[in-house]
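Architecture and fold: a report
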Amino acid sequence: MKRLPVNLLIGAALVLLVIGAAALSLIWTPHDYTEMNIRGKFGPPSELHWLGTDQLGRDVVSQLMAAARNSMAVALAAVLIGGSIGTALGLLASAIGGWVEDLVMRIADIGFAFPALLFAIMLAAVFGPSLTNAILAISFINIPVFARVARASANQIWTREYVTAAQAAGLTRAAISRDHILPNIAAPIIVQATIEFAVAILAEAALSYLGLGAQPPAPSWGRMLSEAQTLMYLAPQLAIYPGLCIVTAVLGFGLLGDGLRDVTDPRLVRER
Amino acid sequence: MFDLTNLSVHFGPATALREASLTIRPGDRLGIVGESGSGKSMLALCLMGMAPEAATLSGTLTIDGRDMADATERDWQALRARRVAMIFQEPMAALNPLSRVGDTVMDPLRLHLGLSKQAARARALDLFAEVGIPDPEARLRQFPHELSGGQRQRVLIALALACDPDLLIADEPTTALDANVALRITDLLVRLSAERNMALLFISHDLAAVARATSDIAVMYGGDIVERGPTRAVLDSPAHPYTRGLLGARPSATALPRDAKGKRARLPTIPGTVPGMADLPKGCRFAGRCPVELPRCASERPAVTKPGPDRSAICHVPSKEALA
Ligand SMILES: Nc1ncnc2c1ncn2[C@@H]1O[C@H](COP(=O)(O)OP(=O)(O)O)[C@@H](O)[C@H]1O
Ligand code: SF4
Ligand SMILES: [Mg+2]
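Residues numbered from 1 in each chain as written. Chains lettered and ligands numbered in written order. Predicted model: local features only at pLDDT ≥ 70, side-chain atom pairs only at ≥ 80, totals over all residues. Heavy atoms only, no water.

Some points on the interface of chain A and chain B
Taken together, the contact pairs 15 residues of chain A with 22 residues of chain B. Summing both sides of the interface, chain A and chain B together bury roughly 1600 Å²; the carbon and sulfur share of this comes to 61%. Here chain A and chain B share 0 salt bridges between them. Element by element, the count of residues in the side of chain A that touches chain B is highest for helix 6 (residues 161-168) of chain A, at 6 residues. (Contact = heavy atoms within 4.5 Å. Buried area = accessible area lost by both parts, 1.4 Å probe. Salt bridge = Lys/Arg side-chain N within 4 Å of Asp/Glu carboxyl O. Helix = DSSP H or I, 4+ residues; strand = E, 2+ residues; numbered from the N terminus.)

Next up, the structure:
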């Protein structure tokens, strides 16, 4: 049995921790994360409140767990939306080739250079800040990323003999893209999705921190961070906890993505 | 019926195929032999409408009387599988590693014949049985890596037969297989061709296999069809110096030496190597390597000569007799 890379194992452990907390929050949190208790504000860690309470006396652990759920949902939606559109575009570009491919990839280059934050601010300016707009903005930046990966991988698969054989059997380019190309580029797409999951978590935190994402009372690590910022001297732990959560989640998905790449693309490992 | 007239394929200034003319009628079994790079696969791909995008084609190809010059990709897609199908050299590489072989075979059945999933499955089972795959029920669900090389080639033959093509092109179908398996695949192709009155274009390095499988033969060198005729006649009394070179180092027409792995030897070596496509002589392509070359050979294209009934060769010095 081949030994799994360390980054994969650490990444998987961190990801399991975060996803586990998020999943658990769906059925159970120690307290209702919205429940305020002004007299119990800035409470120290106790048997009742494991990480204490915030400036409104809300249970910190419960908030972090609910925020994990929010973060995972936003990242999942954004990666799914951006990933499917981008992958479809990449497959299309690769299947058609010629000027269509050039055009799609030039547009992807422009999209790639476009800062997500700017796009989110534009969306917020036009439609008002909301979690949906944050998801749309993060999805949007994912499209060119996946288009590139899908197109580069698909171009390789198109040269395989089984694709020639499928063409010889009269299959259309669309059918070949669906039945033969897509399954064979799944590995690099999944690796990219894992890495983009990390990027999306960070982006959601940043947008919510700026007030462009989750709106109160929706829980979010980014918003917890911005609320805690004004209380840095009074209660620094309120900023540290969500910060640690963001680092854990981003690092976890990043390492997992790296590790998956090492496992699925042995060529890259050997080159190191 | 497939009819090629003066079909040429150019890659910029280089010529991969020069004025090839061939007619393939129902039930014909035509062999194509020649060293690597002589244009055998290019000829096959032209018949499939699958020449590389970089290639420029000239000359005419008609299929059942229809001129394919203005055929679109969509037209070709409709012809492939139903009129002309192809199997390849590497049966492993020619099967999608992530697809069950049954699904691969059912694809064209559903696409071209519009069969339901059950009907396509039933037909795939029949095809597997026809090409001699044991326990077809179980095989349908297997992945390529679970099958042996010979079984994989049989799956690809089943795939090629799926829509009852008029012509089956086999591009070096046995090169990657063990000797015994190669023999059985060759015989299978011959049997299928006879049973279905399906034309077979059998491309091979292996003269023994071609002798066994075909009734007619075309010898290719440097993009030219240098000799044509009935297989027996050509192999028994080759008219073109290149054909003689191919046969020269061989003990007999039916027994080629095998290497340590039991694979059939490639074509016996002719002194020198095939020049690059762009460096081929303008006249006879074989000039420079030919043992009986004349001064005009390199610059002057030889005319077609008729060394025997139904035979042709392009050479300034055709037939053995001319040498004597
Ligand atoms: N896509 C391509 N671009 C340029 N040259 C090509 C291409 N494909 C094939 N050729 C050339 O065409 C010639 C004939 O090749 P091929 O038909 O594959 O030979 P064979 O099958 O007899 O070994 C070769 O010289 C090869 O280099
Ligand atoms: S034409 Fe000349 S060079 Fe070519 S095969 Fe004949 S004798 Fe040899
Ligand atoms: Mg070839």
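Don't stop here, the text continues.
Focus on the packing of helix 3 (residues 101-113) of chain B against helix 4 (residues 117-130) of chain B
Helix-helix packing is described using two parameters, namely the angle between the two axes and the distance between the axes. Residues and elements named next belong to chain B. One can describe the packing of helix 3 onto helix 4 by two numbers: an axis separation of 9 Å at closest approach and a directional angle of 115°. Of the two elements, helix 3 crosses helix 4, and the hand of that crossing is right-handed. Every residue of helix 4 that contacts helix 3 at V101, V105, M106, L109 and R110 is listed here: K117, A120, R121, R123, A124, L127 and F128. Of the residues that constitute the contact of helix 3 with helix 4, the class distribution is 8 nonpolar, no polar and 4 charged. (Axes fitted to C-alpha atoms, helices over the stretch in contact; angles between N-to-C directions. Left-handed = near helix turned anticlockwise from the far one by under 90°. Nonpolar A, V, L, I, M, F, W, Y, C, P; charged D, E, K, R; others polar.)

Some words on the site of ligand 2
Lining the immediate surroundings of ligand 2 are 13 residues, of which C284, C290, C297, C315 and H316 of chain B lie closest. Class assignment for the residues of the shell around ligand 2 results in 10 nonpolar, 2 polar and 1 charged. (Near = heavy atom within 4 Å.)

Let's talk about helix 6 of chain A
For helix 6 of chain A, the buried fraction is high: 6 of the 8 residues fall into the buried class. Where helix 6 of chain A is concerned, the buried positions are Y162, V163, A165, A166, Q167 and A168 of chain A. Contacts from the buried residues of helix 6 of chain A go to helix 5 (131-158) and helix 7 (173-184) of chain A together with helix 1 (40-48) and strand 6 (84-87) of chain B. Two residues or fewer past helix 6 of chain A, G170 of chain A is found with a positive phi of approximately 85°. (Buried < 20%, exposed > 50% of the residue type's maximum accessible area, 1.4 Å probe, protein only.)

Some remarks on unusual backbone geometry
A cis amide bond links P216 of chain A to the next residue, P217 of chain A, at an omega of 5°. Tracing the backbone shows P217 of chain A in the loop between helix 8 (186-209) and helix 9 (221-229). A positive phi is found at N6 of chain B, a non-glycine position, where the angle reads about 50°. With respect to the helices and strands, the residue N6 of chain B is situated in strand 1 (residues 2-11). Backbone geometry at D164 of chain B places phi at a positive 55°, although glycine is not the residue there. Summarising the element assignment, D164 of chain B is placed in the loop between helix 6 (149-161) and strand 7 (167-171).

Points about the site of ligand 1
All names here are of chain B. Taken together, F11, A16, E35, S36, G37, S38, G39, K40, S41, M42, P52 and M277 make up the full set of residues adjacent to ligand 1. The contact in question runs from an oxygen atom of ligand 1 to an N or O atom on the backbone of G37, over 2.7 Å. Interatomic distance of 2.7 Å between a side-chain N/O atom of S41 and an oxygen atom of ligand 1. The fraction of the free accessible surface of ligand 1 (570 Å²) that becomes covered by protein chains is 66%. Broken down by element, the residue count for the shell around ligand 1 peaks at 3 residues, all from helix 1. (Polar contact = N/O pair within 3.5 Å; in protein donor to acceptor, adjacent residues only side chain to side chain. Areas by Shrake-Rupley, 256 points an atom, 1.4 Å probe, with all protein chains shown as cover.)

Quick look at the layout of surface pockets
Volume-wise, the largest pocket comes out at about 1100 Å³. Around the largest pocket sit 40 residues that line it, and G49, M50, A51, P52 and E53 of chain B are the ones nearest its centre. Those elements that provide at least two residues to the lining of the largest pocket are helix 2 (60-96), helix 3 (98-113), helix 5 and helix 6 of chain A together with helix 1, strand 4 (56-63) and helix 2 (73-79) of chain B. Of all the elements, strand 4 of chain B adds the most residues to the lining of the largest pocket, at 5 residues. Residue composition of the lining of the largest pocket, by class: 17 nonpolar, 14 polar and 9 charged. (1 Å grid on protein atoms, 1.4 Å probe; cavity = no way out; pocket = protein on both sides within 12 Å on 5 of 7 lines; lining within 4 Å. Points joined across faces, edges and corners; volume = space filled by probe spheres on them.)

Quick word on the sheet that holds strand 5 (residues 66-67) of chain B
Residue and element names in this part refer to chain B. Read from one edge of the open sheet, 4 strands run 2-1-4-5, paired in antiparallel fashion. Edge positions in the open sheet fall to strand 2 (14-24) and strand 5, since each of these has one partner strand only. The pairing of strand 4 with strand 5 spans 2 bridges and is classified as antiparallel. Paired with I63 across the strands is R66, a residue of strand 5. Strands in contact with helix 1 are strand 1, strand 2 and strand 4; relative to strand 1, the strand with the most contacts, it is inclined by about 120°. (Pairing = 2+ DSSP bridges.)

Brief notes about the pairing of strand 1 of chain B
Residues and elements named next belong to chain B. When strand 1 meets strand 2, the two strands line up antiparallel, connected through 7 bridges. Opposite H10, over in strand 2, you have T15 as the bridge partner. Between the end of strand 1 and the start of strand 2, which pair antiparallel, lie 2 residues, with G12 showing a positive phi angle near 55°.

Some thoughts on the sheet that holds strand 12 (residues 312-314) of chain B
Residues and elements named next belong to chain B. Reading across the sheet, the 8 strands line up as 6-7-8-3-9-10-12-11 and stay open at both edges, with mixed pairing between neighbours. In the strand order of this sheet, the two ends are held by strand 6 and strand 11 (304-305), each with one partner. The sheet contact formed by strand 6 and strand 7 spans 4 bridges and is parallel. Bridge pairing in strand 7 links I87 to A170. Docked against the sheet, helix 7 (residues 179-196) engages strand 3 (29-33), strand 6, strand 7 and strand 8 (199-203), running at close to 155° with respect to strand 8. The sheet contacts of helix 10 (residues 241-248) involve strand 3, strand 9 (216-221) and strand 10 (224-230), and relative to strand 9 the element is tilted by about 100°.

Some words on the nonpolar core
Grouped together as the largest cluster of nonpolar side chains are 160 residues, with contacts concentrated most on I181 and W221 of chain A together with L47, I157, L167, I169 and L189 of chain B. Once residues lying within four places of it in the same chain are set aside, the contact partners of L47 of chain B are F2, L4, I24, L61, I63, W76, V84, L167, I169 and L201 of chain B. One finds A93, V100, M105 and A108 of chain A within the second-largest nonpolar core, a separate group that totals 5 residues. (Core = buried A, V, L, I, M, F, W, Y, C linked by side-chain atoms within 4.5 Å.)

Shape descriptors only; they carry no functional weight alone.
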